[in-house]
Amino acid sequence: MASAALEILGLILCVFGTLLEMVACGLPTWKVTAFIEANIVVAQTIWDGLWMSCVVQSTGQMQCKIHDSMLALGHDLQAARALTVISSVMCVIGLMVVIAGAQCTNCIKTDNVKARVVNVGGVIYIISAIFMLVPLCWMANSIISDFYNPQVPAAKKREIGSALYIGWAATAMLLLGGSMLCCSCPASGSSGYSVKYAPTKRATPNGDYDKRNYV
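Residues numbered from 1 in each chain as written. Predicted model: local features only at pLDDT ≥ 70, side-chain atom pairs only at ≥ 80, totals over all residues. Heavy atoms only, no water.

### Things to note about the overall build of the chain
Phase 1 of the analysis: For the chain, the helix and strand inventory stands at four helices and five strands.
Phase 2 of the analysis: When the helices and strands of the chain are read in sequence order from the N terminus, they spell out α-β-β-β-β-α-α-β-α.
Phase 3 of the analysis: A total of 215 residues make up the chain; the buried ones form 36% of that total.
Phase 4 of the analysis: When contacts within the chain are restricted to residue pairs at least 6 apart in sequence, those whose partners lie at least 24 apart make up 66%. (Helix = DSSP H or I, 4+ residues; strand = E, 2+ residues; numbered from the N terminus. Buried < 20%, exposed > 50% of the residue type's maximum accessible area, 1.4 Å probe, protein only. Contact = heavy atoms within 4.5 Å.)

### Here's the deal with the packing of aromatic side chains
Phase 1 of the analysis: Applying the stated criterion across every chain, the model contains two aromatic pairs.
Phase 2 of the analysis: Summarising the aromatic geometry, the rings of phenylalanine 147 and tyrosine 148 are spaced 5.2 Å apart at their centres and angled 80 degrees between planes, so their arrangement reads as edge-to-face.
Phase 3 of the analysis: Given the relative accessible area of 65%, tyrosine 148 is considered exposed.
Phase 4 of the analysis: Aromatic side chains tyrosine 165 and tryptophan 168 sit 5.7 Å apart centroid to centroid with 70 degrees between the ring planes, which places their arrangement in the edge-to-face category. Pair noted here: tyrosine 165 and tryptophan 168 are both in helix H4 (residues 162-182), with a separation of three residues, about one helical turn.
Phase 5 of the analysis: Taking relative accessible area as the criterion, tryptophan 168 reaches 26% and is therefore assigned partly exposed.
Phase 6 of the analysis: Over the ring of phenylalanine 147 we find lysine 157; its NZ or CZ atom is 5.9 Å from the centre of that ring. (Phe/Tyr/Trp six-rings, centres within 6.5 Å; stacked < 30°, edge-to-face > 60°. Lys NZ or Arg CZ within 6 Å of the ring centre and 35° of its normal.)

### Considerations on the UniProt feature "transmembrane region" (unreviewed entry) in the chain
Phase 1 of the analysis: Summarizing the sequence annotation, UniProt attributes the feature "transmembrane region" (unreviewed entry) to residues 6-27, 79-102, 122-141 and 162-181 in the numbering used throughout.
Phase 2 of the analysis: For residues 79-102, the helix share is 96%, the strand share is 0%, and the end-to-end C-alpha distance is 34 Å.
Phase 3 of the analysis: In this annotation, residues 162-181 is assigned 100% helix and 0% strand; the end-to-end C-alpha distance for the span is 29 Å. (UniProt positions renumbered as here; feature names shortened; annotations may be inferred.)

### Comments concerning the sheet that holds strand S3 (residues 52-57)
Phase 1 of the analysis: Ordered by their spatial adjacency, five strands build an open sheet running S4-S3-S2-S1-S5, and the pairing between neighbours is antiparallel. At either end of the open sheet lies a strand with only one pairing partner, and these are strand S4 (62-66) and strand S5 (158-160). Between one strand axis and the next, the sheet turns by 25 degrees as a mean value, whatever way the strands run.
Phase 2 of the analysis: With five bridges joining them, S3 and S4 adopt antiparallel strand pairing. Looking at S4, one finds that methionine 52 is bridged to isoleucine 66.
Phase 3 of the analysis: Helix H3 (residues 111-147) rests against strand S1 (31-33) and S5 of the sheet, and its axis sits at about 140 degrees to S5. (Pairing = 2+ DSSP bridges. Axes fitted to C-alpha atoms, helices over the stretch in contact; angles between N-to-C directions.)

### Quick notes on a nonpolar patch on the surface
Phase 1 of the analysis: On the surface, Met22, Trp51, Val85, Val89, Val92, Ile93 and Met96 cluster together into a nonpolar patch covering about 580 Å² of accessible area.
Phase 2 of the analysis: Element by element, the count of residues in the nonpolar patch is highest for helix H2 (residues 75-101), at five residues. (Patch = residues over 30% accessible without salt bridge, like charges linked within 9 Å, V, L, I, M, F, W, Y side chains within 5 Å. Areas by Shrake-Rupley, 256 points an atom, 1.4 Å probe, with all protein chains shown as cover. Salt bridge = Lys/Arg side-chain N within 4 Å of Asp/Glu carboxyl O.)

### Considerations on the pairing of S4
Regular strands place side chains that alternate from one sheet face to the opposite one.
Phase 1 of the analysis: Within S4, only zero of the five residues are buried, which leaves the element largely exposed.
Phase 2 of the analysis: Taken together, S3 and the strand that follows it, S4, pair antiparallel across an intervening segment of four residues, in which glycine 60 is found at a positive phi of about 105 degrees.

### Details of the pattern of salt bridges
Phase 1 of the analysis: Scanning the entire structure with this criterion turns up two salt bridges.
Phase 2 of the analysis: A salt bridge links aspartate 76 to lysine 31; its shortest N-O distance comes to 3.7 Å. Separated by 45 residues along the polypeptide, aspartate 76 in helix H2 and lysine 31 in strand S1 bring together distant segments of the chain. Accessibility classification places aspartate 76 together with lysine 31 in one group, the buried group.

Right, dumping it as structure tokens:
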């Protein structure tokens, strides 16, 4: 019972982590305008994401433009695109694997095999979290380095956007949920092998064994 509850809790965390990861991947707020020096009062705010850039006017109007060329992007954005997409795909695969081996499903009959399948799903979630963590930390390091670089103009300096914080929360959920799934074990009192007993041979009224017992 405790193992099943641990599986359900781990799966819930992984599902929420997957949803947050996809939200962070699609949000254009990975980088936001830094209001420093001459940029304290501006008429617009610039958001930079993996797939588009948006300009928010002081009047509330927002205009977004999808990045025309992937090759024109920086190395951090290119790597972030690839790794976040791979991580999202791995999360979906991990979800299918965990559901197939969960104790509340009947896709697999043997308890030992079900536990191993759930463990594999947990490992997939942990790897996907690492794939998501790499671009997040890389992007944050790039933003901080440019912010404190005196050679970068103040108008081009950016700050860490909300998408990075959402991505870090998703990574934490995936790591925690994947670790819980890796701790799954077979249900107590059950084994992967079933014992079959041969029926008892009965004697005939004259004391001899029935010939059908020897066929």
